[in-house]
There are 6 protein chains.
Amino acid sequence: MPNPKPADQIPLAPDTLERLRGASTSTIATLLYKKGFRNCYVQGVLPLSGGARMVGPAFTLRYIVAREDTDPLTAFREPDHPQRIAIETCPEGSVLVMDCRQDATAASAGSILLTRLEVRGGAGVVTDGGIRDAEGAAALTMPVYAAKPSAPTNLTKHHAVDIDVPVSCGGAAVYPGDIVVGDSDGVMVIPRHLADEIAAEALPMEDYEAFVLEEVRAGRAIIGLYPPTDPASLDRYEAWKAGK
Amino acid sequence: MPNPKPADQIPLAPDTLERLRGASTSTIATLLYKKGFRNCYVQGVLPLSGGARMVGPAFTLRYIVAREDTDPLTAFREPDHPQRIAIETCPEGSVLVMDCRQDATAASAGSILLTRLEVRGGAGVVTDGGIRDAEGAAALTMPVYAAKPSAPTNLTKHHAVDIDVPVSCGGAAVYPGDIVVGDSDGVMVIPRHLADEIAAEALPMEDYEAFVLEEVRAGRAIIGLYPPTDPASLDRYEAWKAGK
Amino acid sequence: MPNPKPADQIPLAPDTLERLRGASTSTIATLLYKKGFRNCYVQGVLPLSGGARMVGPAFTLRYIVAREDTDPLTAFREPDHPQRIAIETCPEGSVLVMDCRQDATAASAGSILLTRLEVRGGAGVVTDGGIRDAEGAAALTMPVYAAKPSAPTNLTKHHAVDIDVPVSCGGAAVYPGDIVVGDSDGVMVIPRHLADEIAAEALPMEDYEAFVLEEVRAGRAIIGLYPPTDPASLDRYEAWKAGK
Amino acid sequence: MPNPKPADQIPLAPDTLERLRGASTSTIATLLYKKGFRNCYVQGVLPLSGGARMVGPAFTLRYIVAREDTDPLTAFREPDHPQRIAIETCPEGSVLVMDCRQDATAASAGSILLTRLEVRGGAGVVTDGGIRDAEGAAALTMPVYAAKPSAPTNLTKHHAVDIDVPVSCGGAAVYPGDIVVGDSDGVMVIPRHLADEIAAEALPMEDYEAFVLEEVRAGRAIIGLYPPTDPASLDRYEAWKAGK
Amino acid sequence: MPNPKPADQIPLAPDTLERLRGASTSTIATLLYKKGFRNCYVQGVLPLSGGARMVGPAFTLRYIVAREDTDPLTAFREPDHPQRIAIETCPEGSVLVMDCRQDATAASAGSILLTRLEVRGGAGVVTDGGIRDAEGAAALTMPVYAAKPSAPTNLTKHHAVDIDVPVSCGGAAVYPGDIVVGDSDGVMVIPRHLADEIAAEALPMEDYEAFVLEEVRAGRAIIGLYPPTDPASLDRYEAWKAGK
Amino acid sequence: MPNPKPADQIPLAPDTLERLRGASTSTIATLLYKKGFRNCYVQGVLPLSGGARMVGPAFTLRYIVAREDTDPLTAFREPDHPQRIAIETCPEGSVLVMDCRQDATAASAGSILLTRLEVRGGAGVVTDGGIRDAEGAAALTMPVYAAKPSAPTNLTKHHAVDIDVPVSCGGAAVYPGDIVVGDSDGVMVIPRHLADEIAAEALPMEDYEAFVLEEVRAGRAIIGLYPPTDPASLDRYEAWKAGK
């Protein structure tokens, strides 16, 4: 299979994004694993602040290594600097994913640009580089997932070259339009053509796990229950569901 | 000396575990250093939530690298899957130590299994791999020490092979029955045959350091006091103890 | 240019340190970048506790790798042990910078020594090694920037050899007297001969960014505003300043 | 699927090992990839000397981290030291695979022990640790694949604990009896139950690649030829084979 | 400055490539350093075989991380697979530079494709990934610079996405048309707009260093000679040149 | 124990250096291990060319991280640049040991300076950084041990600050005057006060290992022979010695 089709050619079911809001990244990881996908977790990236959940299609920014002549401080004065363009063109509801080659020794963005993205309706940010003024970024409502705070300007290490092309981020492939989900365990990238299926399968799994957790807290053993190899587990689950 | 004797052949003094509850990992590290042990700290592992102290004998689970045929999602349906068995057989009061080859790109366990271990009386968990649903794990009363949150299921990278054998964890050797102690600085592994001695030596050292801290806060200089090369330091300490 | 002149031969403007207290590390990084300095950020080091800002001239301690004969526990009994001497001689208002060769598998100091430094008036601590009793260190008023908590005593890996010589810390060069600034994004090292200039340039930049953030929150786009390539941006800024 | 069956329960076809002697590791990697195996290459390990090919079932030695009390120099005087036992019991024709946790800062064996293994009929050695007297080891007829030369004795870092158990080596799972193949590109581990199939598929693939190389040298383009999506490629191949 | 102009818009002086054939990478590194370029060395890449020198404009291939659905073995059957297209379209005299994100756990190409590139007139290959059948690749006349041999097919880790776009390789920025020079010290990337200048400056520097080496072998001290701060050094050099 | 005494205060026995010329680094590593020294191997450093053995007291050069203002290309014009001074003052018969913080992304010296050191009688060079014109350096008679070839000038990453002070090199402590021994397995650093003992103990051990190797080649098993726990092994050894 060649590169996936552009995102806008694969429509999503109307409730897919909403369903994924109720799915944890660990559930999504398990469902993707079941379908043969072992590498959709963005390694080395965590939320700057707790609590936030993030769901949205990927809009990407590709950085290569900076070079002294292409990356003076005046580069930001270019009206078409790709980092600025990305911030101003990322569609509402999308997640901006930045490929920094897993190099967080410099920032990929700071709180001012991220505030602009929040105002514009961005659903979140994922970067395998650093974030400067990370405290300001963490205070946003829009979730920001990054490798770590990093004070140096992105020009120090990162030269923005492309917008909305396939990239790597934290060792995962990210195609524009893939569905990006984040929670306190980090970020999963769902290949767009699987998003509907994953969304449909996730909620029953979350539900069963809520039941399992209750059983476990009540003293039930894991074996036979999780996964439910003992039919009695499923019977109790049906009763539990009925009782909700 | 060959591999240490099985844990149950070396009895502990009755108050050793209780004493170690009052000992910090940095004190234990210093006492082990004094005896010639330079490598008993589990590198790269911190508590998922603050505050918790952990003490207990090690019960181990060994993972090797996963392989596509041995680690399908259905592996968890095996009634003798070693990870599940470990959770269900770890003795009450023991600490489950998982050897993930310092690879945290996937989880080694998640909050459901850890809840089960807590219910069964586990004293804590140490893993040099990741933990999924780390937020749920952090909310347990039982302390969990891990490299980081990690959404992918353990099957992605880790194949459970052995229970209660000698393992490496975070670059430290861990033999079943070794005494594992954790606090906010991380985790120390005390070779079981040294646990009584370390426990006996730790409390006086903690006590002297409490005195030193008071002196330092009152303006006393370090040299002569810490360590007490000036006999006057010891005199003041005796007075301080008497005055408590 | 050979090694920079000793710190006391380059006087600072009277308000430089005070001005730098109002400058973020990301602003300082940008200003240094503009002058051609790409490598003044201490990589891999964050504050042990949030909120604290740190400014002061560097006072350095150099560690090399420990060796079994030079680093027994009794080494601390030497009245001239360089780590102890550093704690007792670091000038009031200075920042103690420790070069641990980016090895945090052992501590470089613990809370007792850091308390002593705080009592003596130290402005802060930066280490690319670990800190033991990191919880105690984090509770100090004096900010502590470190790679991570680490229980093993410094003797395990680090042998203190020199005080107040040029060192590397977190991949940045640090000369005695350089001005060290820390905030939640980490630590920047300002070459001393540039500190007055950076301090003078930082506040207008912070001020403009405060204006930009307000504009962005109000819905203004980035391009033309940040940097102010559109003259109207500067006009609004002047009005904003006048209105404060 | 649980842990694979012990090696001696899965017989190999009589000519499997011989066939694999004619298969390159890159061909084997491709064939395993086709069957869904992505992780059977021993990362970070190359032959100490050029030219040698290696084929044989795995016989494993597991090391954990050394500890000062379990690994004095006198440990080698124990008649049952697992490293010595491994050298003396590795079956003729087998490959000794040592799991050193990818730590080559110390040796896992030296030329004297490896000479003994060669005399005993060992088919080769693979270690993700170091080799001491690597020059002597490289001069053996028996191939030795290692991370690098390393002078320190294995006791410095590696404590031998187990023989012939499943291990990890260079990030690959190795079960006793798996077929280990090495050439100048490094080492592949073939799950034993696939060895017959891989051996059968490898030679036609090697043969086709020999034809392709001739065609390419003669000026033929890759597309349509490699893989043979153009039927004419297969026709020429048949003619080439007939003409050999 | 935005991204450099396409390569064919900046003509080279007619003898630039030829002159660079006589320039070592260390000379080029020094000349670029003098112009303010500190990051044009491809880190972690050495020639597979000794002796070869390489000069040519860069033609690039960009890989991202592979994914199970986009990278089955049948991907090579696509007539427009970018890796195959790159091999078949790289201009004669150009150097194929592959961006593998510094991940050499799989190959980026093998000897068959590289042979095809050699037949087509390629000037060389640079990859920060691995090379399979590295022995075959090393036997080519065309120089191949790589991180290391690696048996797994590129599909295992690398998905080819783009041809002739700006990339990173070994931590250096590479724009199509940049001049790539390799020798036994590795590979330097000369920004195309500087190639004429570097070529013109390199030969006098090489010449002076040949003179210095003769002087040093004859017992002359370095200081005053290298660099020639003593005018007598330049006088002797003039005489040496005249005498050649 | 504080820092070791200056080298010239600890005389060596007259034949110590000569004896060490017959000792392999693996033998020295074992003898140091026996005395409790686990960390005297210079990690990550191998000879640029095969065959050479190196013995001599350490003369050290300390580099810190370079900074743009202290390290312009004109820095080499300073008559007191420490790298140049080190080359011109390293005593005849000494080994120049350079501390590059294990960073080989730039060179620490090149073939011209190393040729000068050879002419001056240097016994060898050890660096945990890179070497430029490594081919030229490898062609010297004087052995050069380095991390790898690296084209960038040392100014790119390394600022020379000190001569003949204690340093770290490849993770080992090196004090001026320590005895440095290199062979194809790399480099060991013998604390100077132990050099006579190690030299005296090494030759009998080398001799016994020569006997063992002969026995092993003749079919003798390892256990009882190496180490000689079977008295018959020692008897045969005595006979072997007598027969030489």
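Residues numbered from 1 in each chain as written. Chains lettered and ligands numbered in written order. Predicted model: local features only at pLDDT ≥ 70, side-chain atom pairs only at ≥ 80, totals over all residues.

Assigned secondary structure in chain A consists of 7 helices and 13 strands. Here the C-alpha atoms of chain A give a radius of gyration of 20 Å, agreeing with the 18 Å that 2.2 N^0.38 yields for 244 residues. Counting only C-alpha atoms, chain A reaches 70 × 40 × 30 Å along its principal axes. Relative to its 244 residues, chain A shows a buried fraction of 61%. In chain A, the proportion of contacts linking residues at least 24 apart, taken out of those at least 6 apart, comes to 77%. (Helix = DSSP H or I, 4+ residues; strand = E, 2+ residues; numbered from the N terminus. Rg over C-alpha atoms; globule rule 2.2 N^0.38 Å. Buried ≥ 20, exposed ≤ 12 C-beta atoms within 10 Å, placed from the backbone. Contact = placed C-beta atoms within 7 Å.)

To continue, consider the sheet that holds strand S6 (residues 130-132) of chain E. Within a sheet, each strand pairs with its neighbour through backbone hydrogen bonds, oriented either parallel or antiparallel. As summarised here, the arrangement of the 3 strands in space is S4-S6-S8 (chain E), forming an open sheet in which the pairing is parallel. Bordering the open sheet on either side are strand S4 (107-110) and strand S8 (148-149) of chain E, each of which pairs with just one other strand. (Pairing = 2+ DSSP bridges.)

Turning our eyes to something else, we now look at the packing of helix H2 (residues 25-34) of chain D against helix H6 (residues 195-217) of chain D. All names here are of chain D. Contact geometry of H2 with H6 gives a least axis separation of 10 Å together with a crossing angle of 120 degrees. In this view, H2 runs oblique relative to H6, as classed from their interaxial angle. As H2 runs across H6, the sense of the crossing is right-handed. Of the residues in H6, those in contact with Thr27, Ile28, Leu31 and Leu32 of H2 are Ile198, Glu201, Ala202, Met205 and Glu206. Here the contact of H2 with H6 is composed, by residue class, of 6 nonpolar, 1 polar and 2 charged. (Axes fitted to C-alpha atoms, helices over the stretch in contact; angles between N-to-C directions. Parallel < 35°, antiparallel > 145°, perpendicular 65-115°, else oblique. Left-handed = near helix turned anticlockwise from the far one by under 90°. Nonpolar A, V, L, I, M, F, W, Y, C, P; charged D, E, K, R; others polar.)

Taken as rigid bodies, chain B and chain A are interconverted by a rotation of 120 degrees and an axial shift of 0.0 Å, the fit giving an RMSD of 0.0 Å. On the angle and the small slide along the axis, the relation comes out as a three-fold axis. (Least-squares fit on C-alpha atoms with pLDDT ≥ 70 in both.)

Structurally, chain B and chain E remain out of contact, their C-alpha atoms never closer than 13 Å. Considering only C-alpha positions, the minimal separation of the non-contacting chain A and chain F is 13 Å.

Attention shifts here to the relation of the copies chain C and chain F. Of the two same-sequence chains, chain C is brought onto chain F (RMSD 0.0 Å, axial shift 0.0 Å) by a rotation of 180 degrees. This pairing of chains is accounted for by a two-fold axis. If distances are taken from each C-alpha of chain C to the rotation axis, the shortest is found for arginine 101 of chain C, at 3.4 Å. Interface overlap between copies: 100% of the residues of chain C at the interface are likewise at the interface in chain F, consistent with a symmetric, same-surface contact.

What follows is about the domain arrangement of chain A. Per the domain assignment, the segments making up chain A are domain 1 (38-190) and domain 2 (198-243). Distance between the C-alpha centres of domain 1 of chain A and domain 2 of chain A: 37 Å. (Domains from an automatic or database assignment.)

Here the focus is the interface of chain C and chain F. Accessible area lost upon the coming together of the parts is a frequently used measure of interface size. Each partner contributes to the interface: chain C provides 26 residues, whereas chain F provides 26 residues. Sorting the residues of the side of chain C that touches chain F by element identifies strand S2 (54-65), strand S9 (158-163), strand S10 (167-169) and strand S11 (172-174) of chain C as the ones contributing at least two each. In terms of residue class, the side of chain C that touches chain F is built from 13 nonpolar, 7 polar and 6 charged.

Listed as interface residues are 25 residues of chain B and, on the opposing side, 27 residues of chain A. Those elements that provide at least two residues to the side of chain B that touches chain A are helix H3 (82-89), helix H4 (111-119) and helix H5 (134-138) of chain B. Broken down by element, the residue count for the side of chain B that touches chain A peaks at 5 residues, all from H4 of chain B. Across the side of chain B that touches chain A, the residue classes tally to 12 nonpolar, 6 polar and 7 charged.

What follows concerns helix H7 (residues 231-243) of chain A. Taking 1.5 Å per residue as the helical rise, H7 of chain A with its 13 residues ought to reach 18 Å, and the 19 Å between its terminal C-alpha atoms agrees with that figure. Burial analysis of H7 of chain A places just 1 of its 13 residues in the buried class, which makes it a mostly uncovered element. (Expected span 1.5 Å × (residues − 1).)

With that settled, consider the environment of serine 94 of chain F. Residues and elements named next belong to chain F. Structurally, the position occupied by serine 94 is in the loop between helix H3 (82-89) and strand S3 (95-99). For serine 94, a count of 24 C-beta atoms within 10 Å translates into the label buried. For the pair serine 94 and glycine 124, spaced 30 residues apart in sequence, the C-alpha to C-alpha distance is 7.1 Å. Once you skip the residues sitting within four places of it in the chain, serine 94 turns out to touch Gly56, Pro57, Phe59, Gly122 and Ala123.

The next point concerns the pairing of strand S13 (residues 186-190) of chain B. Where a strand is regular, its side chains alternate between the two sheet faces. All names here are of chain B. With 5 of 5 residues buried, S13 is to be regarded as a mostly interior element. As defined by bridge partners, strand S12 (residues 179-183) adjoins S13 across 5 bridges and the pair is classed as antiparallel. Of the residues in S13, the one forming a bridge with glycine 182 is valine 187. Connecting S12 to the antiparallel partner S13 that follows it, the hairpin turn spans 2 residues.

Residue proline 227 of chain C is bonded to the preceding tyrosine 226 of chain C through a cis peptide linkage, with omega at 5 degrees. Within the secondary structure, proline 227 of chain C is located in the loop between helix H6 (195-217) and helix H7 (231-243).

It is worth spelling out the environment of proline 91 of chain B at this point. Tracing the chain through its elements places proline 91 of chain B in the loop between H3 and strand S3 (95-99). When the 16 C-beta atoms within 10 Å are taken as the criterion, proline 91 of chain B is described as partly exposed.

Here we come to the sheet that holds strand S6 (residues 130-132) of chain F. Residues and elements named next belong to chain F. A sheet is described by the order of its strands in space; here 3 strands give the open sequence S4-S6-S8, paired in parallel fashion. Looking along the sheet, the strands with just one partner apiece sit at the ends: strand S4 (107-110) and strand S8 (148-149). One ladder, built from 3 bridges, connects S4 with S6; its direction is parallel. Residue pairing across strands places alanine 109 opposite isoleucine 131, the latter belonging to S6.

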